[in-house]
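Residue-level listing of the chains:
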Amino acid sequence: MRLTANEVGELNPLGGSNPLVSALITVVPLVIERLEELVLTFRIAIVGAGPAGYFAALALQNSATDERNFAIDMIERLPTPWGLVRSGVAPDHPKIKTVSKVFEKIATAENFRLFSNVELGSDVAMSDLVERYDAVVIATGSSLGRKLGIPGEDLRGSLSAADFVPWYNAHPDFANLDVPLDTDTAVVIGAGNVAMDVARMLALDPTEFDPTDTADHAIVAFKKSSVRRVILCARRGPEHAAFTSPELRELPKLEHTNVLMSKDEVSAALSRIGDDAEKDVKNNLGAMELITQKEPTSHARTLEFEFFLTPLEIHGSDRVTEIVLGINKIENGTIVATGEMKTIKCGLVVSAIGYSAEPIMGVPYAKGKVENVEGRVGETNIYTVGWAKRGPSGVIGTNKSDASDVIKLLVENLPNSPKEKDDIEDLLYDKKVVSQSHWEKINAAEVLAGEFHGKPRNKSANVEELLRLGGL
Ligand code: NAP
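Residues numbered from 1 in each chain as written. Predicted model: local features only at pLDDT ≥ 70, side-chain atom pairs only at ≥ 80, totals over all residues. Heavy atoms only, no water.

Participant: Looking at this model, I keep getting lost on the packing of aromatic side chains. Mind explaining?
Facilitator: Inspection of every chain in the model, using the stated rule, returns 12 aromatic pairs. For the ring pair W167 and F222, a centre distance of 5.6 Å and an interplane angle of 70° mean the geometry is edge-to-face. With a gap of 55 residues between them, W167 in helix α7 (residues 161-168) and F222 in helix α9 (residues 216-224) connect regions that are remote in the sequence. Residue classification places W167 among the buried positions, given a relative accessible area of 4%. A relative accessible area of 4% means that F222 is categorised as buried. Ring centres 5.7 Å apart and planes at 90° place the aromatic pair F243 and F305 in the edge-to-face group. Residue F243 is found in the loop between β8 (229-233) and α10 (245-249), and its partner F305 is found in strand β10 (residues 301-306); the two are separated by 62 residues along the sequence. By relative accessible area, F305 is classed as buried at 6%. A network of ring pairs unites the aromatic residues F164, W167, Y168, F209 and F222 as a single cluster. Cation over ring: R43 sits above Y133, and NZ or CZ is 5.2 Å from the ring centre. (Phe/Tyr/Trp six-rings, centres within 6.5 Å; stacked < 30°, edge-to-face > 60°. Helix = DSSP H or I, 4+ residues; strand = E, 2+ residues; numbered from the N terminus. Buried < 20%, exposed > 50% of the residue type's maximum accessible area, 1.4 Å probe, protein only. Lys NZ or Arg CZ within 6 Å of the ring centre and 35° of its normal.)

Participant: Looking at this structure, how should I read the domain arrangement of the protein?
Facilitator: Quoted interface sizes are often the accessible area lost when the parts come together. The domains assigned to the protein are domain 1 (5-38), domain 2 (40-143 + 356-469) and domain 3 (147-353). Look at where the C-alpha atoms of domain 2 and domain 3 centre, and you get two points 32 Å apart. If you look at the interface, domain 2 gives 23 residues, while domain 3 gives 25 residues. Interface area, domain 2 with domain 3, both sides summed: about 1,900 Å², of which 51% is carbon and sulfur. Connecting domain 2 to domain 3 are four salt bridges. D213 is the salt-bridge partner of K97, the closest N and O atoms lying 3.1 Å from each other. Scanning the region where domain 2 abuts domain 3 turns up 10 residue pairs in polar contact (both at pLDDT 80 or more). Looking at the side of domain 2 that touches domain 3, the elements with two or more residues in it are α4 (84-87) and α16 (463-469). Classifying every residue of the side of domain 2 that touches domain 3 gives eight nonpolar, eight polar and seven charged. (Domains from an automatic or database assignment. Contact = heavy atoms within 4.5 Å. Buried area = accessible area lost by both parts, 1.4 Å probe. Salt bridge = Lys/Arg side-chain N within 4 Å of Asp/Glu carboxyl O. Polar contact = N/O pair within 3.5 Å; in protein donor to acceptor, adjacent residues only side chain to side chain. Nonpolar A, V, L, I, M, F, W, Y, C, P; charged D, E, K, R; others polar.)

Participant: What's the story with empty space enclosed by the protein in this structure? I'm lost.
Facilitator: Any space left empty among the atoms is revealed by the rolling of a water-sized probe across them. Considering all chains together, one arrives at one cavity of 30 Å³ or more under this definition. The space that makes up the largest cavity amounts to roughly 40 Å³. Every residue along the wall of the largest cavity is listed here: M201, L202, L204, P206, F222, S225, V227 and R301. Looking at the lining of the largest cavity, its residues break down into six nonpolar, one polar and one charged. (1 Å grid on protein atoms, 1.4 Å probe; cavity = no way out; pocket = protein on both sides within 12 Å on 5 of 7 lines; lining within 4 Å. Points joined across faces, edges and corners; volume = space filled by probe spheres on them.)

Participant: What's the story with helix α5 (residues 100-107) in this structure? I'm lost.
Facilitator: One turn of the α-helix equals 3.6 residues, which is why residues spaced by three or four share an orientation. Taken together, the buried positions of α5 are occupied by S100, F103, E104, I106 and A107. Projected down its long axis, α5 carries its buried residues within an arc of 155°, all on one side. Of the residues in α5, the exposed ones pointing more than 90 degrees away from the buried face are K101 and K105. Turning to α5, the residues buried within the fold contact α3 (51-63), α4, β3 (112-116) and α15 (436-452). (Arc of directions from axis to C-beta.)

Participant: I'm lost on the site of the ligand in this one. Help?
Facilitator: Taken together, 22 residues form the shell around the ligand, and within it N193, R235, R236, E247 and G394 come nearest. Separating an oxygen atom of the ligand from a backbone N or O atom of V194 is a distance of 3.0 Å. The side chain of E247 places a nitrogen or oxygen atom 2.9 Å from a nitrogen atom of the ligand. Protein contact buries 78% of the 910 Å² of open area that the ligand shows by itself. The element best represented in the shell around the ligand is helix α8 (residues 193-203), accounting for three residues. Of the residues assigned to the shell around the ligand, the class counts are 12 nonpolar, six polar and four charged. (Near = heavy atom within 4 Å. Areas by Shrake-Rupley, 256 points an atom, 1.4 Å probe, with all protein chains shown as cover.)

Structural data, given as C-alpha cells:
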C-alpha cells in the first residue's frame, strides 16, 4: 500500500510545511515505483494443480531475486486444486494429505493466480499459453490406467484403479462409475502402493470410512458391499514387490481385517536375496515377516497376498465371474511361467498396474509421458514436471526435487527480458473460473460440512455444486 502525500504529511512530526520533507514525500514514491519497474516479471503458466504443479510454483517463488520475479498462473481442469492429494491419496491416510497446507501457502503468496475449472484443449489452447507466457509447465500427471490387455478385461466388474480410486475420492468424472460390490471375492492385480490402497479400501470395515473424507456415494456402496475376501495378486515374488514398507507395516494393525501372507513365500524370498540386497527390499521383507507373524483372528474380512500369478483371462458372460492366472516361478533369477494355472471365482477385478499420461494437443507424447529431455520439451518454452514428465513413480515428496531441477533449467533458459503479452483472462471472460478466493470458499464449506460429521471434510463430487459453494 502506498500513502498519498497528504497522508504522509499527516505522519510528518515536523509538520506538513517543511520543504525538504515535502520534496521527499514526492520523490521517494516515484523512486520506489521506478525500482519496481526495473524488476523483470516473467509470466509462467503451470497446467495442473497437483503436487508437481505446486512444487513447480514453489521452485519459481524460491528462484525470485531482487531483479527478477515470476507471475504464476496455475490452470486446472477441475473446479478444485490439489490433484492426487484430493483424488488419489487413500482417505484412510489423512496425514499424507496435510501437504495441502504447503500448497495453500504457495497459492496465497504474491503473484500467484489460480484458474480452476479451466481445461487446456477446450477452454484455452496450448498455443494460447505458449504465446502469452514466457514459459509453460505441464504438470498434468498420468491419469489413464494401463490395461492388462487380456480377454474379458472389458466385462462389467473389471475396473482400473485409475477409475476406482477417483470414484471413492469424489472425483466428479467418476461419481457415477459402476462398481459392483455384490460379490464375496474381489481380486486386485498389481504389487504397488496403488494396488495396496485399493485392496485395503475393499477390505476395511466400512465404518472405518465414517471419520474420513471418502466420497459419500462410496461410503454408501461400501456399507452395502458383500466383499469379504480381497486377494491381491503379484506377478513376481515378495522381494520384487513395489510396495513401500510404511504401507506394509500398517497392515498388521488393521482392526477389522485379517491380513494373510504365506510365511513360506516370505522366507523363500528372504533366502533368495543376498546381504547386498537394496535397503528397501530388506525393509519390505521385514515388514512382510511381521504380517506373517500376526495370529489370524476371527474377522469376517480378509486381505490375502498371492505371489507369482500373472492374469491371463477374465471370464463371465455379462459380468466378471472368475479370473484365470498363470502360475510363475523363479528360474536362475528370472520369472518364468510354469504352464500351470489357477482360477479364482470373483465378481470384481481391479487392476492397479500403473498409469500413462493423457495426451494434450500440441505437446509431443511418447511411452505414456510428455516427450522431454530433463523436463524441457524440445527447444521450446514448454517444460514438464511430475508424472507427466517421468511417468508414474515416486511419492508426493519426489515431486519437490523433480520440480526444482526442471525450474532451474527453465530459469536458465529464460530470455533476457519478458515478452509483452495479453492476459489469459481475456480468453476466459465467459467462463466460470474458480480463482483462489473461490476455491477458499469451497474449501471452507467442505471442511465445515465435514466437521458436522466428524470428518476432515465432506467432499462434493458434483461440479455445479462445487461452483455454487465457490459463489459462482
Ligand atoms: P507401481 O509402484 O509401479 O506398481 C505397479 C505394479 O503393477 C507392479 O507391481 C508391477 O509388477 C505390476 N504390473 C505391471 N504390469 C502388470 C501386468 N501386466 N500384470 C500384472 N502386474 C503388472 O505403480 P502404482 O502402484 O500405480 O504406484 C505409482 C506410484 O505412486 C508409485 O511410485 C507408488 O509408490 C506411488 N504411491 C504411493 C503411495 C503412498 O505413498 N502411500 C500410494 C499410492 C501410490 P512388476 O514389478 O512385475 O512390473
